[in-house]
Amino acid sequence: MTTETEIRDLQGVFQRLKKTIGTVIVGHEEVVEATLICLLCGGNLLLEGVPGLGKTLLVRTLACALGLKFARIQFTPDLMPADIIGTNIISENSGQRRFSFSPGPVFANVLLADEINRATPKTQSALLEAMEECTVTVGNTTHQLEEPFIVLATQNPIEMEGTYPLPEAQLDRFFLKAIARYPTLDQLTEITQRNTEANGRQSSLPFSRNLPAQVINAEEILRARQVISEYPLADPLRNYVSRLVLATHPTSANAPQQVREYVEYGASPRAALSLIMGAKAHAFLSGKFNVRITDLEAVFFPAMIHRIILNFKGEAEGIQVEEVLTAVQSATAKIL
Amino acid sequence: MDRYAKIERRVKQRGCHLQGVRIALISLCTVLVFACVAAFFQRWGILPLHPLPFLIITGFVFFASGTIAYLLGRSKKIDLARLLFRVDLALKTDEQLIALYEVRRFGKRGFYDALTRELSVTASHASKALRLPTIDRGAIVVLILLITALPPALFAGIGLPEEIPAPLLTTEERYNDEVISELPPTEYPPSGEYRTVAPQDEPVREQAEMIPHHPLEDILAELWGIDPLSIAREGEGGGDLRALLDRQRAVNEALQDLLAQIEERLRDETEQELTTAEREALMELQRKVAHPALQEAIEQVLAADDPETLQEMIAEALQQAATQEREDREMTAVAEAVTPPQLDGEIADHHNDEEIADEVMAAAREDAAQEARERTARQGDDPGRQLDEQLAIDEDIRAGAEGLPAGEQEIREIPSEFIHFKLSGQFGPTGEIEEFLTKGVPLETLPQIGPAGEFRYVLNYDLARAILTGRLLPEHLQQVVKEYFRAITERERR
């Protein structure tokens, strides 16, 4: 049974981790928080942002702070599934030739799938099993990935030429979607100051920076995951989440006008799971012992935004999914 | 008991109370809807109940249903999680209470301790945070307003002649707004006009022919044996029932005297036939008699050829006349017994009018005498002429006091013991309906002044029922009487 002290200790560890990441990454609090939530819930994060905002740095920093095995795949159009999950190769040992499995970069704890939308759908789909079940099947053999496993995929919203937008099935497998936004003036000043001065920098490469030391280990992460799963969520709040998710469906009776008009497909039940678990993780990271409505509201957009598919009219009129989600949130009563 | 347990207990109690109130409110609203419908029926006489008993019954149902509903609501199972969530939202406690409820339910001690330590809400705060929803509070206000308005609405029409409820009436028909108009006594046309002009008035006659057979004919025929046709033939157009009965009694007595004389003559004389004078007198009396049975008896007397048969017929007619006289006396007694006190006051008013008239006459006489004295002083002494002039002056004074030319006073004179009613419409093919509305008819005690300045009398059906019951009238005949009054009122309304 989880004690109060244990909960508080784990909360303290993650506070430290957050602070450590903050020493490297300037701004991007929402993105950092979404990353940690995904880590705590065992989900995968889709990071969207224009190049140069520090997405890759964030992932790298996280991996360093966690002390976990980190792998990076740069997705390109000619990338093949075997390049991700690995393949069987013929190896010769003592004069005998036999097939042996050579693991791909997916066999890591933290996988950075950079610019995932540049690979073909076939290659993108190679990640599906790993993302959902933490397993990889090659030939007739299924290989278990090491826990904790988290995929952090990035995609560029511009330069859509020659890209392959992620299919809905794959999008739905991302626990949250975080959007990296441009830094503010102060943040940008801070970024330039940190990255252009020597200040005891160890690397000789330009713009390189010192990565943090390990703050947390895998066991603590897994223990935190267990604690989070125990976080209490009352039935009225669970009911609220269900109504929120159902309200994103254009055929729902409680759907607001924007949803009926501009939405093609609403959020799946997986979205409800993401919302609840994300809210629990958010409450944990906030140092609270129960899930609040504010926790649900904090993860509502990251959990839903990539799961709402606009229809042609919505696309044509330039409707943003955020607007639709705001309408859903306003239209859904907290208590019936 | 820790803090949360106290809060939970208080919230539960408060929730039970509010649930009871809510269900009681629903119950009261339902009862109120029915009460309003019932009040509507009661107001329009469909529900034969007096406002006071109606209010008492409604109040009792209100109280009983409210109490039972409250108790049932209290004992009903409540959704505690939902209540705690409502408190959380009201007090902005970051959903601590609902979380505590959840962790307590599943025995998560670590979370429970941590949450209890952070809990900042007291039991009283939590209890006060639970309130009735706005719609329920609105319903309470509406309920109070309607309950407040119900008794005045029920009692509003009482005392007004236009819309008098008939609370104690046992019949389901509506009689409460039936009003009889009466012209002011000073505006009465001369009664003689009723006798002569009205029945001969062609439009009126045509209208009368269009009116179907009226239940009053049945009433009079079945109850008292009076034929309305014979009454109309008899020619009295504007009297009351008691006057009619008096006249009938006088005719009856005259008939009995005549028959007795004929019988005595037949016993003494050899002539065994009716003389021409007797025959004419009998025919005259037959014409005046209103009772069909008596008329028939006289007719048989007139038609009898055989002396023995004649004597038998005379004896039979005498017996019939005696029976009829007895019944008429009973009728008169009933009519006098039920005369409303204020009608006596009305008669007193008539007396007052007579006193005023006497005063006017005395003053006129005084003025005339003064004028005569002056004339005498001016013209010298001519006793014969003075006497003629004095006689002429006296005649003028008498006529002037009555407001009529001399010689017409007999026609204009209205018997003071009768109360004349003028009703619009006609009764049957025989004449005006006023013939049957007499002093004996049970009216409400207070006459009202109508919009046109006329007196309006309201029929008192309770009194009517008492009379009919006192006469041991069969139920179906009582119904006929009620039908009559309703019919004349509906006609008047038209």
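Note on numbering: residues in each chain are counted from 1, in written sequence order. Lettering of chains starts at A and numbering of ligands starts at 1, both following the order in which they are written. For a predicted model such as this one, the threshold for reporting local features is a pLDDT of at least 70, and the threshold for listing and counting side-chain atom pairs is 80 or more; totals across whole chains, interfaces and linings nevertheless cover every residue.

Chemist: How should I be thinking about the overall build of chain B in this particular structure?
Modeler: Counting from the N terminus, the helices are DSSP H or I runs at least four residues long and the strands are E runs at least two residues long. Looking only at helices and strands, chain B has 20 helices and five strands in total. Sorting the 494 residues of chain B into buried and exposed places 30% on the buried side. Note on contacts: residues are paired as contacts if their backbone-placed C-beta atoms lie within 7 Å. Taking all contacts inside chain B whose residues are at least 6 apart in sequence as the whole, residues at least 24 apart take part in 72%. Buried, partly exposed and exposed are defined by the number of other C-beta atoms within 10 Å of a residue's own C-beta, namely 20 or more, between the two limits, and 12 or fewer respectively, with C-beta atoms placed from the backbone.

Chemist: Got a minute to help me understand the overall build of chain A in this structure?
Modeler: Helix and strand content of chain A: 15 helices and eleven strands. Each of the 336 residues in chain A was classed as buried or not, and the buried ones make up 41%. Long-range pairs, those at least 24 residues apart, make up 75% of the contacts in chain A between residues at least 6 apart in sequence.

Chemist: What should I look at first to understand the packing of helix α1 (residues 3-43) of chain B against helix α7 (residues 134-155) of chain B in this one?
Modeler: The description of two helices packed together rests on the angle between their axes and the distance between the axes. All names here are of chain B. Note on method: axes are straight lines fitted to C-alpha atoms, helices fitted across the in-contact stretch only, with angles between N-to-C directions ranging 0 to 180 degrees. Two elements in contact, α1 and α7, have axes separated by 10 Å at closest approach and are oriented at 25°. Of the possible angle classes, the one that applies to α1 and α7 is roughly parallel. Every pair of crossing elements has a handedness; the one defined by α1 and α7 is left-handed. Here Arg22, Leu25, Leu28, Cys29, Leu32, Ala35, Ala39, Gln42 and Arg43 of α1 lie close against α7, whose contacting residues are Asp136, Ala139, Ile140, Leu143, Leu146, Leu150, Ala153 and Leu154. Roughly parallel here means an angle under 35 degrees, roughly antiparallel means over 145, roughly perpendicular means 65 to 115, and every remaining angle is called oblique. With the far helix as reference, a near helix turned anticlockwise by less than a right angle produces a left-handed crossing, and one turned clockwise produces a right-handed crossing.

Chemist: So what exactly am I meant to see when it comes to unusual backbone geometry here?
Modeler: For residues besides glycine, phi is generally negative; the peptide bonds are generally trans as well. All names here are of chain A. The omega torsion across Glu147 and Pro148 is -10°, close enough to zero to call that bond cis. Residue placement: Pro148 occurs in the loop between β7 (141-144) and β8 (150-155). With phi around 55°, His28 is a residue other than glycine that occupies positive phi space. In the Ramachandran plot, Glu115 falls in the positive-phi region, its phi being about 50° despite a non-glycine side chain.

Chemist: What exactly am I supposed to notice about the packing of helix α2 (residues 29-41) of chain A against helix α12 (residues 269-285) of chain A here?
Modeler: Residue and element names in this part refer to chain A. Taken N-terminus to C-terminus, the directions of α2 and α12 make an angle of 110°; their axes are 9 Å apart at the nearest point. Looking at the two axes, α2 sits roughly perpendicular to α12. For the element pair α2 and α12, the recorded crossing hand is right-handed. Facing Glu33, Leu36, Ile37, Leu40 and Cys41 of α2, the residues of α12 in contact are Met277, Gly278, Ala281, His282, Phe284 and Leu285.

Chemist: Before we go on, may I ask you to explain the interface of chain A and chain B in this structure?
Modeler: Note: interface size is frequently given as the accessible area lost on complex formation between the parts. Facing the 19 residues of chain A at the interface are 20 residues of chain B. If you list the elements that add at least two residues to the side of chain A that touches chain B, you get α1 (4-24) and α10 (235-246) of chain A. Looking at the side of chain A that touches chain B residue by residue, the classes come out as ten nonpolar, three polar and six charged. When residues are grouped by polarity, Ala, Val, Leu, Ile, Met, Phe, Trp, Tyr, Cys and Pro land in nonpolar, Asp, Glu, Lys and Arg in charged, and all others, Gly among them, in polar.

Chemist: Is there a simple way to think about the nonpolar core in this case?
Modeler: The nonpolar side chains of soluble globular proteins are, as a tendency, buried together. To count as a nonpolar core, a set of buried Ala, Val, Leu, Ile, Met, Phe, Trp, Tyr and Cys residues must be joined through C-beta atoms within 7 Å. The biggest cluster of nonpolar side chains holds 118 residues, and the ones touching the most others in it are Leu45(A), Val110(A), Leu152(A) and Leu176(A). Those residues in contact with Leu152(A) that lie beyond four places of it in its chain are Thr35(A), Leu45(A), Leu47(A), Val59(A), Val110(A), Leu111(A) and Leu112(A). With 18 residues, the next largest nonpolar core counts Leu282(B), Leu310(B), Met313(B) and Ala321(B) among its residues.

Chemist: I keep staring at the pairing of strand β5 (residues 110-114) of chain A and nothing clicks. Help me out?
Modeler: One face of the sheet, then the other: side chains in a regular strand alternate in exactly this way. Residues and elements named next belong to chain A. Counting buried positions along β5 yields four of five residues, so the element is predominantly enclosed. Pairing of strand β2 (residues 70-74) with β5, which is carried by five bridges, proceeds in the parallel orientation. Pairing of Gln74 across the sheet is with Asp114, part of β5. For two strands to be treated as a pair, DSSP must find at least two bridges joining them. Pairing of β5 with β8 involves four bridges; the strand directions are parallel. For Ala113, the partnering residue across the bridge sits in β8 and is Ala153.

Chemist: I would appreciate a short explanation of the sheet that holds β8(A) in the present structure.
Modeler: Backbone hydrogen bonds are what pair the strands of a sheet, in a parallel or an antiparallel way. Residue and element names in this part refer to chain A. Judged by pairing direction, the sheet is parallel, and its five strands sit side by side in the order β2-β5-β8-β1-β9 without closing on themselves. The open sheet terminates on both sides in strands that have one partner only, identified here as β2 and β9 (176-179). Taken pair by pair, the neighbouring strands of this sheet meet at an average axis angle of 20°, ignoring direction. Where helix α3 (residues 55-66) meets the sheet, it contacts β1 (45-48), β2, β5 and β8, and its direction lies at approximately 170° from that of β5.

Chemist: Mind showing me how you'd approach helix α2 (residues 51-75) of chain B here?
Modeler: In an α-helix, one full turn covers 3.6 residues, which means residues spaced three or four apart are oriented alike. Residue and element names in this part refer to chain B. By this rule the span expected of a helix is its residue count minus one, scaled by 1.5 Å. Under the 1.5 Å per step criterion, the end-to-end length of α2 is 35 Å for 25 residues, consistent within 8% with the ideal 36 Å. Taken together, the buried positions of α2 are occupied by Pro51, Phe54, Thr58, Ala69, Tyr70 and Gly73. Residues of α2 that are buried in the fold lie against α1 and α7.

Chemist: Just to check I follow, could you spell out the pairing of strand β3 (residues 86-93) of chain A for this structure?
Modeler: Within β3(A), only zero of the eight residues are buried, which leaves the element largely exposed. Between β3(A) and strand β4 (residues 96-103) of chain A, which pair antiparallel and follow one another directly, the connecting turn spans two residues, one of which, Ser94(A), has a positive phi of 60°.

Chemist: What is the right way to look at helix α14 (residues 292-303) of chain B in this model?
Modeler: All names here are of chain B. The end-to-end C-alpha separation of α14 is 16 Å, in line with the 16 Å expected for twelve residues at 1.5 Å each. Looking at α14, one finds that the buried residues are Leu294, Gln295, Ala297, Ile298 and Val301. When α14 is viewed along its axis, its buried side chains cluster within an angular range of 160° and face the same direction. Each C-beta atom gives one direction from the helix axis, and the arc is the one those directions make.

Chemist: Where do I start with the confidence of the model for chain B in this structure?
Modeler: Detailed conclusions should not be drawn from predicted coordinates in areas where pLDDT is low. All names here are of chain B. Residue-level confidence of the predictor, termed pLDDT, takes values from 0 up to 100. Of all residues in chain B, 52% have pLDDT values of 70 or greater, and the mean over the chain is 66. In the model, residues 338-354 has pLDDT below 50 throughout and makes 20 contacts with residues more than four positions away in sequence or in other chains. Reported confidence for the predicted complex is 0.78 by ipTM and 0.56 by pTM.

Chemist: Sorry if this is basic, but what is going on with the environment of Val11(B) here?
Modeler: Residue and element names in this part refer to chain B. In this fold, Val11 is placed in helix α1. Classification of Val11 by C-beta neighbours within 10 Å gives buried; the count is 24. Each residue touching Val11, except ones within four places of it in the same chain, is listed here: Leu83, Leu84, Val87, Ala126, Ser127 and Leu130.

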